[in-house]
Amino acid sequence: MRKISSLLVFTLVNSVWGVVYGMIGPFYTLYIAGKSGGMEKLGYAFSIMILVQAASSYYVGRYSDRLGRKPFLFGMAYIDAFVLFSYTVVSQTYQIYILQALLGVTNAVSLTIRGSLLADLTRADNRGSEIGRFNALVSVFTAAGFILGGYLAKYYGLKAIFYFGAIVIVCSTALLFFIQEPKNN
């Protein structure tokens, strides 16, 4: 029973985060393109993020096996909130590159921990259907975030989306305390 309730909490947290990332998603690329100084620099910014993500993934997985998944989720959320806020105050291309590198680390955490914790929280006999339901719910909330983001950008501006997203991410980490992480063998 504990695994099911922890899975529901994890689904709720990821759904909230899905709304935030959906809300920011399309505007994030436009915002970074404007801040970085051109489309060619946007390509560098995203390459930096993906390369750091690739370099970090193994270590995130390795240390999460030793330290648990939740500390990585907290760290990822707080760093993501910091990065979202920082996008609104940076002015130099190299600062964008640093923020993109930080996002590379948090993306590695997100992808690795999400998969690992889902495996930890689901039962082997119906793991596929539980993970499928998780992904479906998070996707629906992410789509809602895209719609919400358009209205927020129209009425409050792009920076407001980043501020709102950062606040929601930080506040939603409180739900992580309710996840009972299985002990590693």
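Predicted, not measured: the structure shown is a model, and the values here were computed from it. (Residues numbered from 1 in each chain as written. Predicted model: local features only at pLDDT ≥ 70, side-chain atom pairs only at ≥ 80, totals over all residues. Heavy atoms only, no water.)

Okay, the packing of helix 2 (residues 39–67) against helix 4 (residues 93–121) next. Close contact between helix 2 and helix 4 brings their axes to 6 Å; oriented N to C, the two are set at 35°. Crossing hand, helix 2 versus helix 4: right-handed. Residue composition of the contact of helix 2 with helix 4, grouped by class: 16 nonpolar, 10 polar and 1 charged. (Axes fitted to C-alpha atoms, helices over the stretch in contact; angles between N-to-C directions. Helix = DSSP H or I, 4+ residues; strand = E, 2+ residues; numbered from the N terminus. Left-handed = near helix turned anticlockwise from the far one by under 90°. Nonpolar A, V, L, I, M, F, W, Y, C, P; charged D, E, K, R; others polar.)

To continue, consider the confidence of the model for the protein chain. Taken over all residues, the pLDDT of the protein chain has a mean of 92, while the share at 70 or more is 97%. Mean pLDDT in the protein chain bottoms out at helix 1 (residues 2–36), which sits at 87, and peaks at helix 3 (residues 70–87), which reaches 96. (pLDDT = per-residue confidence, 0-100.)

Empty space within the largest pocket amounts to approximately 560 Å³. When residues of the lining of the largest pocket are traced back to their parent elements, those giving at least two are helix 1, helix 3, helix 4 and helix 5 (127–156). In terms of residues, the lining of the largest pocket owes the most to one element, helix 1, which gives 8 residues. Its residues assigned to classes, the lining of the largest pocket shows 13 nonpolar, 7 polar and 2 charged. (1 Å grid on protein atoms, 1.4 Å probe; cavity = no way out; pocket = protein on both sides within 12 Å on 5 of 7 lines; lining within 4 Å. Points joined across faces, edges and corners; volume = space filled by probe spheres on them.)

The end-to-end C-alpha separation of helix 6 (residues 158–172) is 21 Å, in line with the 21 Å expected for 15 residues at 1.5 Å each. Buried within helix 6 we find Ile-161, Phe-162, Gly-165, Ala-166, Ile-169 and Ser-172. Each buried residue of helix 6 lies within a common arc of 140° when the element is viewed along its axis, so the set occupies one face. Away from its buried face by more than 90 degrees, helix 6 exposes Ile-167 and Cys-171. (Expected span 1.5 Å × (residues − 1). Buried < 20%, exposed > 50% of the residue type's maximum accessible area, 1.4 Å probe, protein only. Arc of directions from axis to C-beta.)

Under the counting rule described, the total for this entry stands at 8 aromatic pairs. Seen in terms of ring centroids, Tyr-28 and Tyr-87 are 5.7 Å apart; in terms of plane orientation they differ by 70°. Their pairing is edge-to-face. Residue Tyr-28 is found in helix 1, and its partner Tyr-87 is found in helix 3; the two are separated by 59 residues along the sequence. Each member of the pair, Tyr-28 as well as Tyr-87, carries the same accessibility label: buried. Centre to centre, the rings of Phe-74 and Phe-177 are 5.0 Å apart; their planes meet at 50°, and the pair counts as tilted. Here the residue Phe-74 occupies a position in helix 3, and Phe-177 occupies one in the segment after helix 6, the gap between them amounting to 103 residues. The exposure class assigned to Phe-177 is exposed, which follows from its relative accessible area of 58%. The lysine or arginine in question, Arg-62, covers the ring of Tyr-63, its NZ or CZ lying 5.7 Å from the ring centre. (Phe/Tyr/Trp six-rings, centres within 6.5 Å; stacked < 30°, edge-to-face > 60°. Lys NZ or Arg CZ within 6 Å of the ring centre and 35° of its normal.)

Turning our attention to helix 3. Here helix 3 is 18 residues long and its end C-alpha atoms lie 26 Å apart, about the 26 Å a rise of 1.5 Å per residue gives. Within the sequence span of helix 3, burial applies to Lys-70, Phe-72, Leu-73, Phe-74, Met-76, Ala-77, Asp-80, Ala-81, Val-83, Leu-84, Ser-86 and Tyr-87.

Here we take up the nonpolar core. The biggest cluster of nonpolar side chains holds 46 residues, and the ones touching the most others in it are Phe-10, Trp-17, Ile-24, Tyr-28, Leu-73 and Tyr-87. Top contributing element to this core by residue count: helix 1, with 13 residues. Leave out the neighbours within four places in its chain, and Leu-73 touches Phe-10, Trp-17, Ile-113, Leu-117 and Leu-176. (Core = buried A, V, L, I, M, F, W, Y, C linked by side-chain atoms within 4.5 Å. Contact = heavy atoms within 4.5 Å.)

For the rest of this paragraph, the subject is the side chain of Thr-11. Position of Thr-11 relative to the elements: it lies in helix 1. Its relative accessible area of 10% is what places Thr-11 among the buried residues. Contact partners of Thr-11, with chain neighbours within four places excluded, come to Phe-134, Leu-137 and Val-138.

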